[in-house]
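Now for the letters of each chain:
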Amino acid sequence: MVLLTGTETTRVWAVVAMILSIATYFWRLHPIIKELDKMGKITPKGYSKTLGLMIMGFLIMFLLSLIIYFIV
């Protein structure tokens with residue numbers, strides 16, 4: 001909705017908010033999920049690594065979009 005109705009400034013701040021909110025995964029949830037995975041509580045085994053990579057992909061995507069915005 002922000003993409004369709006927001007101003008340019010609102011869109012930039014929305015991307016910053018997304019980056020910050022996604023980054024909190026790595027200091028709050030990822031250590032817990034890794035520990036649960038190590039204990040065998042998550043199926044399939046090793047999924048914490050896959051999840052971490054997927055979330056890192058989202059983080060990189062938003063960071064690149066912000067960098068490209070400021071360059072172009």
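First, a word on what this report is: a plain description of the structure on this page. On a predicted model such as this, the values are computed, not experimentally measured, just so you know. (Residues numbered from 1 in each chain as written. Predicted model: local features only at pLDDT ≥ 70, side-chain atom pairs only at ≥ 80, totals over all residues. Heavy atoms only, no water.)

1. Comments concerning the overall build of the protein
A count of helical and extended segments in the protein gives three helices and zero strands. For the protein, the α and β elements follow one another from N to C terminus as α-α-α. The globule rule puts the C-alpha radius of gyration for 72 residues at 11 Å, and the 16 Å found for the protein is more than 25% above it. A principal-axis box enclosing the C-alpha atoms of the protein has dimensions of 45 × 20 × 20 Å. In the protein, which comprises 72 residues, the proportion classed as buried is 24%. For the protein, the exposed surface amounts to about 5,700 Å²; the carbon and sulfur share of it is 75%. (Helix = DSSP H or I, 4+ residues; strand = E, 2+ residues; numbered from the N terminus. Rg over C-alpha atoms; globule rule 2.2 N^0.38 Å. Buried < 20%, exposed > 50% of the residue type's maximum accessible area, 1.4 Å probe, protein only. Areas by Shrake-Rupley, 256 points an atom, 1.4 Å probe, with all protein chains shown as cover.)

2. Points about the packing of aromatic side chains
Aromatic rings in a pair are described by how distant their centres are and how their planes are angled relative to each other. In the structure shown here, the tally under the stated rule is two aromatic pairs. Where Tyr25 meets Phe26, the ring centres are 5.0 Å apart and the plane angle is 80°; that geometry is what we call edge-to-face. You can call Tyr25 buried: its relative accessible area is 6%. On the numbers, 5.1 Å between centres and 75° between planes, the contact of Tyr69 with Phe70 is edge-to-face. (Phe/Tyr/Trp six-rings, centres within 6.5 Å; stacked < 30°, edge-to-face > 60°.)

3. Some details on the packing of helix H2 (residues 8-38) against helix H3 (residues 47-71)
Two elements in contact, H2 and H3, have axes whose closest approach is 10 Å; the angle formed by their N-to-C orientations is 160°. Classified by the interaxial angle, the pair formed by H2 and H3 is roughly antiparallel. Relative to H3, H2 is oriented so that their crossing is left-handed. Per-class residue counts for the contact of H2 with H3 are 21 nonpolar, four polar and three charged. (Axes fitted to C-alpha atoms, helices over the stretch in contact; angles between N-to-C directions. Parallel < 35°, antiparallel > 145°, perpendicular 65-115°, else oblique. Left-handed = near helix turned anticlockwise from the far one by under 90°. Nonpolar A, V, L, I, M, F, W, Y, C, P; charged D, E, K, R; others polar.)

4. Examining the environment of Thr50
As for its position among the elements, Thr50 is in helix H3. Using a relative accessible area of 37% as the deciding quantity, one classes Thr50 as partly exposed.

5. Some details on unusual backbone geometry
Here the amide bond leading from Thr43 into Pro44 is cis, since omega sits at -5°, within 30 degrees of zero. Within the element layout of this structure, Pro44 appears in the loop between H2 and H3.

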